[in-house]
Amino acid sequence: MRNFALTTIGGWLLIACAWFCLWAIASYFTLDPELAVFLFPFALRMGVALHCPKKYWGAVYGAEWGLMLALAPQVGNPLWGAALCASVASVPLLWVAHGQYYGSQLRRLCVMGTVIGLAALLNVAISGWFSDHSWMVLLISITGGLMLVPSCYLIWSYLFQQAWIPLTVDLVSRPVALRVRHIFFYAGLFIASIALQLGLPDEMRRFAPFCLAIPIILLAFRYGWQGALLGTLLNSVALIAARSTGSDLEVTDLLLSLSAQSLTGILLGMGIQRQRELNQQLRLQLDRNHSLSRQLVKAEESVRRDVARELHDEIGQNITAIRTQASIIQRVETTPVGAGCAGMIENLSLNIYDTTKGLLSRLRPKSLDDMGLADSIEQLVRDLECEALGISAVISWHCNGREPESLSDTLSVTLYRLCQEAMNNVVKYAKASQLELTFVLRDDTVELTVRDNGRGFSVEQVMQMSSKGFGLQGMRERVEALGGKIVVDSQTSGANQGTCIAIQMPLL
């Protein structure tokens with residue numbers, strides 16, 4: 001109870017001081033102390049009421065009503081009565097809006113816009129009974145609301161929505177890093193805006209209003225709608241400073257300019273911020289997809305390895321036993337029929353053995369387990385009989401202190417299969433005489449480059465043709481599934497004729 005009373009008294013004092021200061025500024029701006037009430041003071045009351053608990057509304061409205069009752073006799077009536085009635089009538093509106101003021105930032109901004117519009121209409125409806133300044137009241141209410149209510153949201157969000165680090169010993173000993181460049185950036189824009197509004201020669205003064213869009217666009221691009229709002233406040237100061245006369249027409253133009261640029265800035269900033277949030281969500285989803293793809297590749301290789309081991313251990317041994325028994329029967333069998341059956345059994349088992357061996361090679365390159373990645377690539381070159389086909393193959397490794405055997409099993413198998421596919425293409429289609437395979441191991445990536453001097457091809461056409469098989473499209477899918485990049489460049493003529501496949505993958 002004691003805290004509530006102290007908070008109420010302190011809030012009342014702060015609101016009263018801020019309300020009076022804003023009223024004085026608005027009086028200078030509008031040149032009318034009665035209309036000034038509808039500009040910044042009413043907007044301040046709406047902004048504070050939306051962002052504070054309802055139990056403190058007594059202090060907010062009490063400060064406003066007390067000041068209006070105190071100032072009315074000093075500056076005259078009749079609009080003071082309308083302002084007081086409008087303030088009282090706004091209580092139900094803000095009460096309903098406060099109940100809807102939660103959730104996402106977009107929802108809060110929509111509620112703010114609705115409150116500003118309805119409050120402006122309420123002010124017009126009530127002031128119409130007391131004076132003929134209805135349209136000016138409407139313009140002033142919207143302008144003040146667009147400038148101050150979002151500003152209150154910014155302050156509230158910064159004070160109560162930011163995740164503050166608890167004050168610990170580590171935080172005390174940590175130096176505070178001020179973002180000085182942001183302050184200089186904002187101050188530079190402010191000075192440039194003032195200079196453009198005041199310093200342009202008369203023949204170029206018509207371009208001065210267009211220059212007001214520059215800080216709004218820059219700050220909106222950098223900080224979203226919050227930055228656009230700060231740019232709008234900056235422009236407001238520049239516009240007021242550039243005002244030369246105090247005519248009603250100029251005040252109206254100024255209010256229209258402030259309203260238009262406030263609304264434009266906030267909408268532009270919201271659009272940019274929304275697009276940035278969507279890009280961030282898309283990036284996160286892409287990262288999740290890459291992670292899932294890597295897990296699928298790992299699971300696939302694990303299953304292939306287990307199946308290959310089972311085939312090798314079970315079927316291979318059984319076939320060997322069948323062949324042995326068939327050989328024994330052939331030696332001891334005296335009848336031609338029995339010897340023929342035994343020979344047929346041995347031949348069939350030999351065919352099954354060869355088929356199983358080929359299947360094992362497709363499931364899991366056994367040489368990887370026996371010799372490691374580097375020797376397996378050498379063996380792959382020999383198996384493809386590159387030398388016999390007239391292809392000079394050169395393999396080079398740049399390990400930078402790492403060993404090829406230190407790569408993960410998934411990465412080793414992937415590199416082996418990529419080399420196997422690329423070399424098969426060279427042997428079958430390229431008609432090349434030179435083949436270079438270059439491996440570069442770095443701290444966080446591994447790079448593979450396969451280059452030949454063959455006849456080349458159209459990369460786009462081959463990608464489409466190989467969409468159903470492993471081919472280049474399969475190589476690309478496998479590389480991208482592991483978060484890597486692949487670039488295929490092929491020339492059919494010229495000094496650089498041939499194909500170069502450059503692959504970069506992160507270490508897993």
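Residues numbered from 1 in each chain as written. Predicted model: local features only at pLDDT ≥ 70, side-chain atom pairs only at ≥ 80, totals over all residues. Heavy atoms only, no water.

An account of the overall build of the protein chain is needed here, citing residue identities and associated values.
In terms of helices and strands, the protein chain carries 17 helices and 5 strands. For 508 residues, the compact-globule formula gives about 23 Å, and the C-alpha radius of gyration of the protein chain, at 39 Å, lies well above that figure. Principal-axis analysis of the C-alpha atoms places the extent of the protein chain at approximately 135 × 60 × 50 Å. Out of the 508 residues in the protein chain, the part that is buried amounts to 40%. Counted over contacts in the protein chain with a minimum sequence separation of 6, partners at least 24 positions apart contribute 70%. Accessible surface, the protein chain as shown: approximately 28400 Å² in total, 62% of it carbon and sulfur. The distance from the centre of the 40 positive side-chain charges to the centre of the 41 negative ones in the protein chain is 5 Å. (Helix = DSSP H or I, 4+ residues; strand = E, 2+ residues; numbered from the N terminus. Rg over C-alpha atoms; globule rule 2.2 N^0.38 Å. Buried < 20%, exposed > 50% of the residue type's maximum accessible area, 1.4 Å probe, protein only. Contact = heavy atoms within 4.5 Å. Areas by Shrake-Rupley, 256 points an atom, 1.4 Å probe, with all protein chains shown as cover. Lys, Arg positive; Asp, Glu negative; His and termini not counted. Charge placed at Lys NZ, Arg CZ, Asp CG, Glu CD.)

Could you give an account of the side chain of Ser 490, naming the residues involved and the relevant values?
When you line up the elements, Ser 490 lands in strand 4 (residues 485-491). Reaching out from Ser 490, the side chain makes a polar contact with the backbone nitrogen of Phe 457 at a distance of 2.9 Å. At 3.0 Å, the side chain of Ser 490 and the side chain of Thr 499 are in polar contact. (Polar contact = N/O pair within 3.5 Å; in protein donor to acceptor, adjacent residues only side chain to side chain.)

Explain the environment of Ile 25 to me, using residue names and the numbers behind them.
With respect to the element layout, Ile 25 can be found in helix 1 (residues 2-30). For Ile 25, a relative accessible area of 46% puts it in the partly exposed group. In the structure, Ile 25 is positioned 15 residues away from Phe 40 in sequence and 8.3 Å away in space, judged by C-alpha atoms.

Explain the packing of aromatic side chains residue by residue, including any values.
Going through the model one piece at a time under the given rule, you end up with 8 aromatic pairs. Geometrically, the ring pair formed by Tyr 61 and Trp 65 is tilted, given 5.4 Å between the ring centres and 50° between the ring planes. Taken together, the residues Tyr 61 and Trp 65, both in helix 3 (residues 57-75) and 4 residues apart, mark about one turn of the helix. Measuring from centroid to centroid gives 5.8 Å for Tyr 153 and Trp 156, while their planes differ by 35°, and the two rings are tilted. (Phe/Tyr/Trp six-rings, centres within 6.5 Å; stacked < 30°, edge-to-face > 60°.)

Go over the nonpolar core, please, and point to the residues and values.
By size, the foremost hydrophobic cluster in this structure holds 66 residues, and its most contacted members are Trp 19, Val 37 and Leu 94. At the level of secondary structure, the elements contributing two or more residues to this core comprise helix 1, helix 2 (40-51), helix 3, helix 4 (79-100), helix 5 (105-127), helix 6 (134-160), helix 10 (213-241) and helix 11 (248-332). When residues of this core are assigned to their parent elements, the largest contribution, 10 residues, is made by helix 6. Among all residues touching Leu 94, those that are not within four sequence positions of it are Arg 45, Met 46, Ala 49, Leu 50, Trp 57, Tyr 61 and Val 115. In this structure, Leu 368, Leu 380, Cys 419 and Ala 481 belong to the second largest nonpolar core, which totals 40 residues. (Core = buried A, V, L, I, M, F, W, Y, C linked by side-chain atoms within 4.5 Å.)

Now, about the state of the cysteines: what can you tell me, with residues and values included?
For the coordinates displayed, the defined rule picks out 0 disulfides. Cys 152 provides the cysteine sulfur closest to Cys 52, a residue in no disulfide bond, and the two sulfurs are 10 Å apart. For Cys 52, a relative accessible area of 13% gives the class buried. (Disulfide = S-S within 2.5 Å.)

How would you sum up empty space enclosed by the protein? Please name residues and give values.
By the definition in use, this model includes 1 cavity of 30 Å³ or more. Lining the largest cavity, in full, are Phe 38, Phe 42, Arg 45, Met 46, Ala 86, Ser 90, Ile 116, Ala 119, Ala 120, Asn 123 and Ser 141. Among the elements of the structure, helix 2, helix 4 and helix 5 are those that each provide at least two residues to the lining of the largest cavity. Of all the elements, helix 5 adds the most residues to the lining of the largest cavity, at 4 residues. Within the lining of the largest cavity, the residues separate by chemical class into 7 nonpolar, 3 polar and 1 charged. (1 Å grid on protein atoms, 1.4 Å probe; cavity = no way out; pocket = protein on both sides within 12 Å on 5 of 7 lines; lining within 4 Å. Points joined across faces, edges and corners; volume = space filled by probe spheres on them. Nonpolar A, V, L, I, M, F, W, Y, C, P; charged D, E, K, R; others polar.)

I'd like a description of the pattern of salt bridges, backed by residues and values.
The tally for this structure, following the rule as stated, stands at 11 salt bridges. Between Glu 300 and Arg 304 there is a salt bridge, with the nearest N and O atoms lying 3.2 Å from each other. Of the two residues, Glu 300 and Arg 304 both sit in helix 11, 4 residues apart, roughly one turn of that helix. According to the relative accessible area criterion, Glu 300 is partly exposed, its value standing at 32%. Among the charged side chains, a network of salt bridges with common partners joins Glu 300, Glu 301, Arg 304, Arg 417 and Arg 478. (Salt bridge = Lys/Arg side-chain N within 4 Å of Asp/Glu carboxyl O.)

Go over unusual backbone geometry with me, naming the residues and quoting the values.
Residues other than glycine seldom take positive phi values, yet Asn 400 does so here, at roughly 55°. Mapped onto the elements, Asn 400 comes out in the loop between strand 1 (392-398) and helix 15 (409-430). Despite not being glycine, Lys 431 shows a phi value in the positive range, around 55°. Mapped onto the elements, Lys 431 comes out in the loop between helix 15 and strand 2 (434-441). Lys 431 sits in the exposed class, given a relative accessible area of 69%.

A description of the layout of surface pockets should follow, citing residues and the corresponding values.
Looking at the second largest pocket, its volume works out to about 520 Å³. Forming the boundary of the second largest pocket are 22 residues, of which Asn 425, Tyr 429, Phe 457, Val 462 and Leu 472 lie nearest the centre. For the lining of the second largest pocket, the secondary-structure elements that each account for two or more residues are helix 15, strand 3 (445-452), helix 16 (459-465), helix 17 (471-481) and strand 5 (498-506). Among the elements that line the lining of the second largest pocket, the one with the most residues is helix 15, at 8 residues.

Shape is all these values report; function is a separate question.
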